[in-house]
Protein chains: 4
Amino acid sequence: MDEFITQGFAATRLDDVAKRAGVAKGTIYLHFKDKEALFEELIRTAIVPLVNRLAAGPPPVGASVRDMIEGFARTFIHEVTTTQRGDIVRLIVAEGPRFPAVADFYYREVVSKGLAGMRAAIQLGIARGEIKNKDLAQFPQILIAPAMIAVIWQSLFARHAPLDANEMFRVHLDLIFGERRTA
Amino acid sequence: MDEFITQGFAATRLDDVAKRAGVAKGTIYLHFKDKEALFEELIRTAIVPLVNRLAAGPPPVGASVRDMIEGFARTFIHEVTTTQRGDIVRLIVAEGPRFPAVADFYYREVVSKGLAGMRAAIQLGIARGEIKNKDLAQFPQILIAPAMIAVIWQSLFARHAPLDANEMFRVHLDLIFGERRTA
Amino acid sequence: MDEFITQGFAATRLDDVAKRAGVAKGTIYLHFKDKEALFEELIRTAIVPLVNRLAAGPPPVGASVRDMIEGFARTFIHEVTTTQRGDIVRLIVAEGPRFPAVADFYYREVVSKGLAGMRAAIQLGIARGEIKNKDLAQFPQILIAPAMIAVIWQSLFARHAPLDANEMFRVHLDLIFGERRTA
Amino acid sequence: MDEFITQGFAATRLDDVAKRAGVAKGTIYLHFKDKEALFEELIRTAIVPLVNRLAAGPPPVGASVRDMIEGFARTFIHEVTTTQRGDIVRLIVAEGPRFPAVADFYYREVVSKGLAGMRAAIQLGIARGEIKNKDLAQFPQILIAPAMIAVIWQSLFARHAPLDANEMFRVHLDLIFGERRTA
DNA sequence: GATGAATGAGGCTTCATTCAT
DNA sequence: AATGAATGAAGCCTCATTCAT
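Let us look at the structure shown here. (Residues numbered from 1 in each chain as written. Chains lettered and ligands numbered in written order. Predicted model: local features only at pLDDT ≥ 70, side-chain atom pairs only at ≥ 80, totals over all residues. Heavy atoms only, no water.)

1. A closer look at the relation of the copies chain C and chain D
Between the two copies of the chain lies a relationship made up of a rotation around an axis and a movement along it.
Here comes step 1: By a simple turn and slide, chain C fits onto chain D: the slide is 0.0 Å along the axis, the RMSD is 0.2 Å, and the turn is 180°. Between the two chains, the operation in question is that of a two-fold axis. Across chain C, the rotation axis passes nearest the C-alpha of Ala94 of chain C, at a separation of 2.0 Å.
Here comes step 2: Most of the interface of chain C is mirrored in chain D: 100% of its interface residues are interface residues there too. (Least-squares fit on C-alpha atoms with pLDDT ≥ 70 in both. Contact = heavy atoms within 4.5 Å.)

In structure tokens, the structure reads:
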């Protein structure tokens, strides 16, 4: 996975993959039909933890919707900045168009589930009066957008201008929930 | 450029580039040192129109900040969905990490200028009282985020679920400027 | 053997040989030094029945030389068209030049013995007055030639034009023994 | 061609072919799609001279059918023993089953034409009274058989026992036309 | 300047052979 | 003795790059 993330699909050499995996080149072919199958299955495997994070469990009783989402985002951002999970997302953006199977899988397992979760949260927020804008439920993508941007930013522009993803997300939530009155 | 967009850097063959350009393969080398130079310079060239769009001219006097931004976004989204400008953005996301020169150029020419413009607009909006949240000026990325997401969405998930980018952006602006009172 | 016959030596995979033989790949190496040894010994084994056919026993007392040869040819052609024995001959033709040991063995065990037998039969035929042409004893190959041609024909051209090997051989014998007076 | 003849299709390395041809490996691919195409087209090219030999021109007026055939056979045997034309025939026998296109082409261009020519000659011989056996016209293969056997013999068994192909063919013709009365 | 045939390094893939279990 | 996972050498093929025309 590391190799694919840093080199992209085409530029990754199976020699290096094998070396990194500590096996001989031929061994790869005992487990995967070819380079494409290896790539797709690796991505699939790498995505599972993301899914698990999403389904991480019901929000604590009594928490506000904002707390729920903020907690979720905090976890997500932490994952993405400390592990290489974010790079996998970028890899999917990069190779998705040439690997429809990858894009499909990612949509099915992560995107659609994630958006459904967000939509539910938004609707709860609207019902509870925490969220004013009723149209937001139609575009749960908006909720996620800054987190995605942060992921991309880290791998492309971090060295030009660091970005405090958590703080950015907090401001974003302020837009949605209204600013928190700090005592 | 078309070839690089659809195939990515590594998978693009100079044979195809030459054919598409209507010249012989050798001719490419009269103008570019090698494949990398070709790629980088093509990207550079392709980015210029984006820059020009950004600098498209000062907002009409008397317009609200929201109108300015909405106009800008409308143009941007139109560009991105009808031309392949969006795919260039995706290409930069995909290849940026392996082509620092590309990422650098893009940051310098597009991102930093764009963000500066957004920040100025936000500050104007705050000064005029159109925008409540003062922290937004620190994160102009938030303003752009849904547009970026739309670009990526189109190339990866359009066939799973179409996305009305203009409408999404309108809802986003409602979050920032408050909902428009419709008559 | 089946694998070698249909694929040839180089294109035969030991994986397939093992599968077909119902053993694991490693097991082959308990019995044969390497692929070449396997091939040569298989050929050797496969040739034995041919040899036995040749030595099938002395002709019935009182039979004409023509009957002897015709009986022999009938057996040979039957063998060759109903079993895969003919393909082994073709395999030897195909691989012989690269496996001198195979050609040598085949010459020693089959060709020289077969020709000696043919020569003896021819000489008997000449002595009995059944065969006119005395020079034929120098070239017993002529006697066999149509049978060999039939073998090769079956594997190469059967689908273009079927060949009745028995009838052809009968005509051939007519040339040698004179046409049979049919009642 | 030399490489394919001595090694067979599978064992021939394109490296060696290129070296022998005095070009780089890649150059081969400018002219042939892949190794199979190279093989098939080489065979095709190599067969043409054989065809031309067959069509070498009408027999001299006033010649006997036997003279015609003997002349033809002499040319054929000379070709086959002094050039490598014979090995091509053996190569076709060897690889034909795995290259139907090769077998087809050979059948169409050489075998069917050759047999048609032989059949015509036989019928002429029958009409002129030179050939007694009327059934021979059904199996022109018989006429060719010893020549084919000679070809195969040369590459497999020449070193075990040399074979005088011309003399063998003469004896064969004696069977068909009756022994020549030597003065 | 333009061409495109030729090059050959490099990558994917196969498969005979080995060896720990 | 038998297994079959692992190995890595070797071969086919691609394609960026060169250069004689």
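2. Section: the protein's contact with DNA strand E
Here comes step 1: Neighbouring DNA strand E are 28 residues; Arg13 and Tyr29 of chain A, Thr27 of chain B, Tyr29 of chain C together with Thr27 of chain D lie closest to it.
Here comes step 2: Residue Thr27 of chain B places a side-chain N or O atom 2.5 Å away from a phosphate oxygen belonging to DNA strand E.
Here comes step 3: Between a phosphate oxygen of DNA strand E and a side-chain N or O atom of Tyr29 of chain C, the distance comes to 2.8 Å.
Here comes step 4: Among the elements of the structure, helix H3 (25–31) of chain A, helix H3 (25–31) of chain B, helix H3 (25–31) of chain C together with helix H3 (25–31) of chain D are those that each provide at least two residues to the surface near DNA strand E.
Here comes step 5: For the surface near DNA strand E, the per-class residue count stands at ten nonpolar, eight polar and ten charged. (Near = heavy atom within 4 Å. Polar contact = N/O pair within 3.5 Å; in protein donor to acceptor, adjacent residues only side chain to side chain. Helix = DSSP H or I, 4+ residues; strand = E, 2+ residues; numbered from the N terminus. Nonpolar A, V, L, I, M, F, W, Y, C, P; charged D, E, K, R; others polar.)

3. Quick notes on the protein's contact with DNA strand F
Here comes step 1: Close to DNA strand F lie 28 residues; Ala24 and Thr27 of chain A, Thr27 of chain C together with Arg13 and Tyr29 of chain D are nearest.
Here comes step 2: Close to the protein, within 4 Å, the atoms of DNA strand F belong to sugar or phosphate groups at a rate of 70%.
Here comes step 3: One of the backbone nitrogen or oxygen atoms of Thr12 of chain B is found 3.2 Å away from a phosphate oxygen of DNA strand F.
Here comes step 4: One nitrogen or oxygen atom from the side chain of Arg13 of chain D is found 3.4 Å from a phosphate oxygen belonging to DNA strand F.
Here comes step 5: Those elements giving two or more residues to the surface near DNA strand F turn out to be H3 of chain A, H3 of chain B, H3 of chain C together with H3 of chain D.

4. Some remarks on the side chain of Glu40 of chain C
Residue and element names in this part refer to chain C.
Here comes step 1: Tracing the backbone shows Glu40 in helix H4 (residues 35–54).
Here comes step 2: For Glu40, a relative accessible area of 17% gives the class buried.
Here comes step 3: Those residues in contact with Glu40, other than ones at most four positions away along the chain, are Phe99, Ala101 and Val102. (Buried < 20%, exposed > 50% of the residue type's maximum accessible area, 1.4 Å probe, protein only.)

5. As for the environment of Ala94 of chain B
Here comes step 1: Among the secondary structure elements, Ala94 of chain B is positioned in helix H6 (residues 85–95).
Here comes step 2: Take Ala94 of chain B: its relative accessible area is 3%, and that puts it in the buried class.
Here comes step 3: Each C-alpha atom, one on Ala94 of chain B and one on Ala147 of chain B, is 17 Å from the other, the two residues being 53 residues apart in sequence.
Here comes step 4: Those residues in contact with Ala94 of chain B that lie beyond four places of it in its chain are Arg90 and Ala94 of chain A.

6. Overview of the packing of aromatic side chains
Residues and elements named next belong to chain A.
Here comes step 1: Counting across every chain of the model gives 40 aromatic pairs over all chains.
Here comes step 2: Between Phe72 and Phe76, the aromatic rings sit 6.5 Å apart at their centres with planes inclined by 15°, giving stacked as the arrangement. Residue Phe72 and its partner Phe76 are located together in helix H5 (residues 65–82), separated by four residues, close to a single helical turn.
Here comes step 3: In this structure Phe72 comes out as partly exposed when scored by relative accessible area, which is 23%.
Here comes step 4: Using a relative accessible area of 18% as the deciding quantity, one classes Phe76 as buried.
Here comes step 5: Among the aromatic side chains, those forming a connected cluster through ring pairs are Phe4, Phe9, Phe39 and Phe99.
Here comes step 6: Positioned above the aromatic ring of Phe9, the side-chain terminus of Lys35 is 4.7 Å from the ring centre. (Phe/Tyr/Trp six-rings, centres within 6.5 Å; stacked < 30°, edge-to-face > 60°. Lys NZ or Arg CZ within 6 Å of the ring centre and 35° of its normal.)

7. Thoughts on the relation of the copies chain A and chain B
Here comes step 1: When chain A is brought onto chain B, the operation consists of a screw motion whose angular component is 180° and whose axial shift is 0.0 Å, with 0.2 Å RMSD remaining.
Here comes step 2: A symmetric contact is evident, with 100% of the interface residues of chain A recurring at the interface of chain B.

8. Some points on the nonpolar core
Here comes step 1: Counting 126 residues, the largest nonpolar core has Tyr106 of chain C together with Tyr106 of chain D as the members making the most contacts within it.
Here comes step 2: In this structure, Met148 and Trp153 of chain A together with Ile43 and Leu136 of chain B belong to the second largest nonpolar core, which totals 125 residues. (Core = buried A, V, L, I, M, F, W, Y, C linked by side-chain atoms within 4.5 Å.)

9. Here's the deal with helix H9 (residues 165–177) of chain D
Here comes step 1: The end-to-end C-alpha distance of H9 of chain D, which contains 13 residues, comes to 18 Å, matching closely the 18 Å that a straight helix rising 1.5 Å per residue would cover.
Here comes step 2: Counting buried residues in H9 of chain D gives ten out of 13 residues, a clear majority hidden from the surface.
Here comes step 3: All buried positions along H9 of chain D are accounted for by Ala165, Met168, Phe169, Val171, His172, Leu173, Asp174, Leu175, Ile176 and Phe177 of chain D.
Here comes step 4: Those residues of H9 of chain D that are buried lie in contact with helix H8 (141–157) and helix H9 (165–177) of chain C together with helix H5 (65–82) and helix H8 (141–157) of chain D.
Here comes step 5: N-capping of H9 of chain D is provided by Asp164 of chain D, with a side-chain oxygen placed 3.2 Å from the backbone N of Asn166 of chain D.
Here comes step 6: One or two residues past the end of H9 of chain D sits Gly178 of chain D, with phi positive at roughly 90°. (Expected span 1.5 Å × (residues − 1).)

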